[in-house]
Amino acid sequence: MTELPDRRTILTAGLGALGTAVLPAIAQAKTPAIPIIDTHIHLFDGTRPQGAPYLGSKAYAAKTNISLPAGYRPLARPTGIVGAVAVEASAWIEDNLWLLEVAQADPMIVGVVGRLDPTKAEFAEYLGRYHKNPLYRGIRYSRFYTADGGKIALNPAAVDGLKLLAEADLVLDTANPSMNLMQASVLLADAVPNLRIIADHLAGFDPKPEEQAAYDATIKELAARPNIMVKLSQVYHPKPDGIVSTDYEPIRARLDYLLAAFGEDRVMFGSDYPNSYGITTIPQAVALMQRFYATKSHAAAEKYFWRNSARIYKWIKRAADQPTP
């Protein structure tokens with residue numbers, strides 16, 4: 001097994017090193033024949049007078065407090081990425097508007113996933129307001145359940161709000177996976193069957209040995225709900241000891257397991273930039289998934305890299321080199 005040093009020391013160079021090799025196991029990605037839509041990036045500007053509540057990974061925040069399309073584009077485009085969905089990480093409601101304004105100004109951004117609380121009385125008002133912009137494709141929210149005494153139950157107020165989200169034909173992105181969140185997502189999929197639910201970063205979840213049986217059962221339940229999709233993202237991720245493993249065989253096995261469970265029509269690519277900074281680069285994340293899909297059909301690769309996201313997010317084509325949904 002090839003291992004990387006602790007993520008706190010993995011990068012010693014500046015931001016210009018983002019395109020250089022951090023993971024030695026995989027070469028830099030070449031421009032692929034299949035265009036790529038990156039369904040998971042974060043944008044923020046900590047230089048604003050009010051600052052920003054989220055600044056990416058600790059390694060990224062130590063370098064800069066800005067993540068904007070102008071900085072993302074030169075890292076992404078050489079890999080074949082032609083568009084991206086910006087996912088809001090700020091809980092400040094006014095940042096939904098800020099993110100839309102940033103996205104509107106740059107055709108690299110084909111969609112925005114905002115952050116609203118469906119349990120709030122003003123949820124319907126804000127949802128209607130932001131949804132008027134066609135770039136607004138959904139929200140990211142995970143606190144739609146309780147886990148009192150280990151029993152998972154849906155929050156009725158959240159379910160009511162998420163029904164409005166489904167009626168608006170928008171998606172729900174869920175945050176970093178946990179056993180509780182995955183089990184609650186099964187309940188939510190049944191309660192709101194017309195809601196497209198996206199399990200973010202599912203490839204980055206490592207069940208504990210004592211959780212493996214429950215994990216396998218939960219994956220089976222998630223896969224049985226056709227309105228649950230997954231991002232095969234955070235494929236490179238730190239283990240509990242802080243080490244990032246680049247051993248391809250267990251990575252391939254994990255990806256094959258999830259692909260077999262959910263099928264080629266329900267998986268999407270996401271770089272998680274710049275939360276991924278200090279763990280992997282965008283070229284390495286792309287190259288890893290190109291290596292994996294090199295053993296699959298061309299049609300399956302197209303679905304993963306852009307076609308599925310076009311159907312699930314219903315993102316907006318804004319540039320000539322972006323594929324036509």
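Quick summary incoming for the structure in this document. (Residues numbered from 1 in each chain as written. Predicted model: local features only at pLDDT ≥ 70, side-chain atom pairs only at ≥ 80, totals over all residues. Heavy atoms only, no water.)

### Focus on the overall build of the chain
Argument step 1. Check the secondary structure of the chain and you find 10 helices and 12 strands.
Argument step 2. When the backbone C-alpha atoms are referred to their principal axes, the chain occupies close to 50 × 45 × 40 Å.
Argument step 3. When the 325 residues of the chain are sorted by exposure, 55% land in the buried category.
Argument step 4. Of all intrachain contacts in the chain linking residues separated by at least 6 positions in sequence, the fraction that spans at least 24 positions is 79%.
Argument step 5. In the chain, the 34 positive side-chain charges and the 33 negative ones have mean positions that sit 3 Å from each other. (Helix = DSSP H or I, 4+ residues; strand = E, 2+ residues; numbered from the N terminus. Buried < 20%, exposed > 50% of the residue type's maximum accessible area, 1.4 Å probe, protein only. Contact = heavy atoms within 4.5 Å. Lys, Arg positive; Asp, Glu negative; His and termini not counted. Charge placed at Lys NZ, Arg CZ, Asp CG, Glu CD.)

### Examining the packing of aromatic side chains
Argument step 1. One pass over the full model with this rule turns up 16 aromatic pairs.
Argument step 2. With a centroid separation of 6.0 Å and an interplanar angle of 45°, the aromatic rings of Phe269 and Phe305 are classed as tilted. In this pair, Phe269 sits in the loop between strand 12 (267–268) and helix 9 (282–293) while Phe305 sits in helix 10 (residues 298–313), placing the two residues 36 residues apart along the sequence. Exposure class is identical for Phe269 and Phe305. Each is buried.
Argument step 3. Plain terms: the ring middles of Tyr304 and Phe305 are 4.9 Å apart, the flat faces sit at 75° to each other, and that makes the pair edge-to-face. (Phe/Tyr/Trp six-rings, centres within 6.5 Å; stacked < 30°, edge-to-face > 60°.)

### A closer look at the sheet that holds strand 9 (residues 171–174)
Argument step 1. Taken in spatial order, the 8 strands make up an open sheet running 1-4-5-6-9-10-11-12, and their pairing is parallel. A single partner strand is all that each edge strand has here, and the edge strands are strand 1 (36–41) and strand 12.
Argument step 2. Where strand 9 meets strand 10 (residues 196–199), 4 bridges bridge the pair, whose relative direction is parallel. Paired with Val171 across the bridge in strand 10 is Arg196. (Pairing = 2+ DSSP bridges.)

### Things to note about the packing of helix 4 (residues 123–131) against helix 5 (residues 156–167)
Argument step 1. In the contact formed by helix 4 and helix 5, the axes pass within 10 Å of each other and the chain directions differ by 20°. Relative to helix 5, the element helix 4 lies roughly parallel. The handedness of the crossing between helix 4 and helix 5 is right-handed. Of helix 5, the residues touching helix 4 (which contributes Phe123, Ala124 and Leu127) are Gly161, Leu164 and Leu165. (Axes fitted to C-alpha atoms, helices over the stretch in contact; angles between N-to-C directions. Parallel < 35°, antiparallel > 145°, perpendicular 65-115°, else oblique. Left-handed = near helix turned anticlockwise from the far one by under 90°.)

### Quick word on the nonpolar core
Argument step 1. Within the largest apolar cluster, 102 residues are counted, with the highest numbers of intra-cluster contacts made by Met289 and Tyr293.
Argument step 2. Here the element with the most residues in this core is helix 10; it accounts for 8 residues.
Argument step 3. The residues contacting Met289, other than those within four sequence positions of it, are Val235, Leu255, Phe269, Tyr304 and Phe305. (Core = buried A, V, L, I, M, F, W, Y, C linked by side-chain atoms within 4.5 Å.)

### Re helix 7 (residues 212–223)
Residue pairs spaced three or four apart in an α-helix point in one direction, given the helix's 3.6 residues per turn.
Argument step 1. Between its first and last C-alpha atoms helix 7 spans 16 Å; for 12 residues at 1.5 Å apiece the expected length is 16 Å, and the two agree.
Argument step 2. Among all positions in helix 7, only Tyr215, Thr218, Ile219, Leu222 and Ala223 are buried. Take helix 7 and look down its axis: the buried residues cluster within an arc of 135°, on one side only. Opposite its buried face, helix 7 presents the exposed residues Ala213 and Lys220, each directed more than 90 degrees away.
Argument step 3. Looking at the packing, one finds that the buried side of helix 7 touches helix 6 (179–191), strand 11 (228–231) and helix 8 (248–262). (Expected span 1.5 Å × (residues − 1). Arc of directions from axis to C-beta.)

### Focus on the pairing of strand 10
Argument step 1. Residues Arg196 and Ile198 line one face of strand 10 and the alternating positions Ile197 and Ala199 line the opposite face, and both faces are buried.
Argument step 2. Considered for its hand, the β-α-β crossover made up of strand 9, helix 6 and strand 10 is right-handed.
Argument step 3. As judged from the 3 bridges shared by strand 10 and strand 11, these two strands associate in the parallel manner. Directly across from Ile198, in strand 11, lies its bridge partner Met229. (Right-handed = clockwise from strand over helix to strand, strands pointing away.)

### Looking at the environment of Ala214
Argument step 1. In this structure, Ala214 sits in helix 7.
Argument step 2. On the basis of relative accessibility, which here comes to 35%, the residue Ala214 falls in the partly exposed class.
Argument step 3. C-alpha separation for the pair Ala214 and Gln183, spaced 31 residues apart in sequence, amounts to 9.7 Å.

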